[in-house]
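Okay, here's what each chain looks like letter by letter:
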Amino acid sequence: MIAVWRREFKVFQREISRVVASVVSPLMWLVLFGVGVGASMNVGSYQSFIFPGIIMMSVLFSSMFYGVYIIWDRKIDVLKAVLIAPVSRFSIFLGKVLGGCTDTLMQATVLLVIGIFLVSYTPLGFLLAVVIIFITAVGFVALGLTIGSLFESFEGFQLIGTFINFPLFFLSGALFPLDRPGLPGWLLIASRFNPLTYAVDGARYAMLGESAFPIYVDFAAVGIFSFTMLVLGSISFNRMK
Amino acid sequence: MASIIKTEKLKKTYGQITAVDELDLEVEKGMIFGFLGPNGAGKTTTIGMLTTIIRPTSGTATVNGYSVINEPGKIRSSIGIVFQDFSVDTILTGRENLDMSAQLYGIQKAQRKDRIDELLALVELTKRADSLVRTYSGGMKRRLELVRGLLHRPAVLFLDEPTLGLDPRSRVTIWKYIKEMAEREKTTIMLTTHYMEEAEEMCDQVAIIDNGKIIKQGTPEELIDTVGGDIVYLKAKRYDEKLLRNLDFVKDIQIKDGCATIKVENASLNLPELMRMVPDIEKVEVRSPTLSDVFLAYTGRTLKEDSGQSSWMDDAMRYTTQGR
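This structure is a prediction, so every number in the text was calculated from the model and none was measured.

(A) Representation of the overall build of chain A within the structure. In terms of regular secondary structure, chain A is built from eleven helices and zero strands. For chain A, the succession of helices and strands along the chain, N to C, is α-α-α-α-α-α-α-α-α-α-α. Relative to the compact-globule value of 18 Å for 241 residues, chain A shows a C-alpha radius of gyration of 18 Å, a close match. Taking the principal axes of the C-alpha coordinates as reference, chain A spans close to 55 × 35 × 30 Å. Considering chain A as a whole, with its 241 residues, one finds that 52% of them fall into the buried category. Residue pairs in contact within chain A that sit at least 24 positions apart in sequence constitute 80% of those at least 6 positions apart. Accessible surface for chain A amounts to roughly 10600 Å². Of this, 73% is attributable to carbon and sulfur atoms.

(B) Summary view of the pattern of salt bridges. All names here are of chain B. What the rule picks out here adds up to 13 salt bridges over all chains. Two residues, Lys 74 and Glu 71, come together in a salt bridge whose shortest N-O distance is 3.9 Å. Here Arg 115 makes a salt bridge to Glu 118, at a shortest N to O gap of 3.5 Å. Residue Arg 115 and its partner Glu 118 are both found in helix H4 (residues 109-122); the two are separated by three residues, about one turn of the helix. Assessed through its relative accessible area of 4%, Arg 115 is described here as buried. Salt bridges sharing partners connect three or more residues here, namely Arg 95, Lys 113, Asp 117 and Asp 130.

(C) Structural context of the packing of helix H3 (residues 94-104) of chain B against helix H5 (residues 138-150) of chain B. Residues and elements named next belong to chain B. Where H3 meets H5, the axes come as close as 10 Å, and the angle between the chain directions of the two elements is 25°. Of the possible angle classes, the one that applies to H3 and H5 is roughly parallel. Seen along the crossing, H3 lies across H5 with a hand that is right-handed. Taking contact as the criterion, the partners of Gly 94, Asn 97, Leu 98 and Ser 101 in H3 are, on H5, Leu 144, Val 147 and Arg 148. Residue composition of the contact of H3 with H5, grouped by class: three nonpolar, three polar and one charged.

(D) Representation of the interface of chain A and chain B in the model. Each partner contributes to the interface: chain A provides 26 residues, whereas chain B provides 29 residues. Scanning the region where chain A abuts chain B turns up zero salt bridges. If you look at where chain A meets chain B, you find one residue pair in polar contact (both at pLDDT 80 or more). Those elements that place two or more of their residues in the side of chain A that touches chain B are helix H1 (2-14) and helix H5 (78-83) of chain A. Sort the elements by how many residues they give to the side of chain A that touches chain B and H1 of chain A lands first, with eight residues. Grouping the constituent residues of the side of chain A that touches chain B by class yields 14 nonpolar, one polar and eleven charged.

(E) Local environment of the nonpolar core. The biggest cluster of nonpolar side chains holds 99 residues, and the ones touching the most others in it are Ile 55 and Met 56 of chain A together with Ile 5, Val 63, Phe 158 and Met 190 of chain B. With residues up to four places along the chain from it excluded, the contact list for Val 63 of chain B reads Ile 4, Ile 5, Leu 50, Val 68, Ile 75, Ile 79, Val 156 and Phe 158 of chain B. Among the nonpolar cores identified, the runner-up in size contains 44 residues, and Ala 102, Leu 122, Ile 178 and Met 181 of chain B belong to it.

(F) Quick look at the domain arrangement of chain B. What the domain assignment reports for chain B is domain 1 (3-78 + 154-223 + 306-322) and domain 2 (229-288). If you average the C-alpha positions of domain 1 of chain B and of domain 2 of chain B, the two centres end up 40 Å apart.

(G) Spotlight on empty space enclosed by the protein. Counting across every chain of the model gives five cavities of 30 Å³ or more. Estimates place the volume of the second largest cavity at around 90 Å³. Around the second largest cavity sit Ala 81 and Ile 84 of chain A together with Gly 80, Ile 81, Phe 83, Ser 101, Tyr 105, Arg 148, Gly 149 and His 152 of chain B, which together line it. At the level of elements, strand E6 (79-82) and H5 of chain B are the ones that each hand at least two residues to the lining of the second largest cavity. Taken together, the residues that form the lining of the second largest cavity break down as five nonpolar, four polar and one charged.

(H) Examining helix H10 (residues 267-277) of chain B more closely. Residues and elements named next belong to chain B. Every buried residue belonging to H10 is among Ala 267, Asn 270, Leu 271 and Leu 274, and all of these are buried. Here the buried residues of H10 occupy an arc of 130° about the axis, which is enough to place them on one side. In H10, the exposed positions that point more than 90 degrees away from the buried face belong to Leu 269 and Arg 276. Those residues of H10 that are buried are in contact with strand E11 (230-236), helix H9 (241-246), strand E12 (250-256), strand E13 (259-264) and strand E14 (281-287).

What counts, and at which threshold
Residues numbered from 1 in each chain as written. Chains lettered and ligands numbered in written order. Predicted model: local features only at pLDDT ≥ 70, side-chain atom pairs only at ≥ 80, totals over all residues. Heavy atoms only, no water. Helix = DSSP H or I, 4+ residues; strand = E, 2+ residues; numbered from the N terminus. Rg over C-alpha atoms; globule rule 2.2 N^0.38 Å. Buried < 20%, exposed > 50% of the residue type's maximum accessible area, 1.4 Å probe, protein only. Contact = heavy atoms within 4.5 Å. Areas by Shrake-Rupley, 256 points an atom, 1.4 Å probe, with all protein chains shown as cover. Salt bridge = Lys/Arg side-chain N within 4 Å of Asp/Glu carboxyl O. Axes fitted to C-alpha atoms, helices over the stretch in contact; angles between N-to-C directions. Parallel < 35°, antiparallel > 145°, perpendicular 65-115°, else oblique. Left-handed = near helix turned anticlockwise from the far one by under 90°. Nonpolar A, V, L, I, M, F, W, Y, C, P; charged D, E, K, R; others polar. Polar contact = N/O pair within 3.5 Å; in protein donor to acceptor, adjacent residues only side chain to side chain. Core = buried A, V, L, I, M, F, W, Y, C linked by side-chain atoms within 4.5 Å. Domains from an automatic or database assignment. 1 Å grid on protein atoms, 1.4 Å probe; cavity = no way out; pocket = protein on both sides within 12 Å on 5 of 7 lines; lining within 4 Å. Points joined across faces, edges and corners; volume = space filled by probe spheres on them. Arc of directions from axis to C-beta.

Here it is in structure tokens:
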């Protein structure tokens, strides 16, 4: 397990350009989108409002794509050499999950540090944010790995971006508050079933001290989601050819 | 000698297609065993079953005394595998690749470094050990994979088409390393190939497989002997055909345009005598039959005719059946 994780970590270090790219895109959302839309919204500082949401967006995208990336590993037989080793599938799976979380967490930390200039959160808030980011990342890396182990080709890759990531993101309350009376009921209900909603809410609590749900609800929801994904992921990893 | 691989009526079918048909095979400990046959003959599928990647439809097999059906974990710890396609991590260095693999196979940290250094030296990759594998040539990647398979001192090392896609020079180098490895590490090696030179050059034992069945098995020399003797080409001023025909080791003789083509039993032994019978020899050439002549004799086809043609089947099988 440690071996698998170390491999992922090294790969990550080598592709440091990926980190830069992955940090730049959320920053653009924050600055360009945030300033633009913020001008016409009345939620205090819109930029600091969406900041936790943007971090979770980067967590969601990098975790998911990390997981789905094993399709590529399988294509070029690298994974085959790992799978043939006398190591249980479960520990390979956990190694992969940890690797993905490390990736995601490092990106998120860079964003969090930049965020100090925007949102003034306490050290405790910072720590709390890191914890909830980690739990969220576990869930989405596991989900990505699950999907990746089911698909044999890259055709699925684009679909995931369109049909999973974006709906999750838009329905999570990352960009707009979910507790305003004008929102249609269907959107509200959909967002309640979205694990990312609780992740965003939890991160918002950690950084801004405000949230729609109590923090323990957020933690419980994200925790249950991630645990379920871990179970699901290890089952599908075991079945993977 | 004890056999380290043993199969009994090992069979694998995919729908209507029988990839491996009730294969009975025994491989003795310590030898380089070659599985020779055209693409799609069932070589990769057999290796897949022996390495517990593919589950047999019926029949049994044991590797290093363990059953492929009941004890896959024990087999996996005692074998090394080099796949047909490259499976080294190109974004890691050679050393890192070996290090990761050593960890996966549970080699203790204390021994890891020495073992890796020793193996890198064996395939002369020490100098490039810390460059990214991305920058390696095909031959270098293969060498790295060969020693990666050996890290945990496996009882058997499986090589699936170890020189496929390599240029002739790298191929010869790989042969050299495989032979050295077998000798140094005392590992049994089972390899598949559709290059008869490869089988002839390296293997102590060869099984010729076609359509999922073993056609013939033996040492390369034995197999070649079954086809018949050697062929001697002679060019001389004159021949006493009758005299030559009366030699008991001469099987057949044809004279055309002043050249004689003589089929001879055991040319290496009988050539001097043959040459004494023919005065004023200008030129002499001896050709021994090769394994491809053996394949031709038993299947009525040449290996070359087949290779490339049915390769889609090997591919299809690899993709649909990689594991459990």
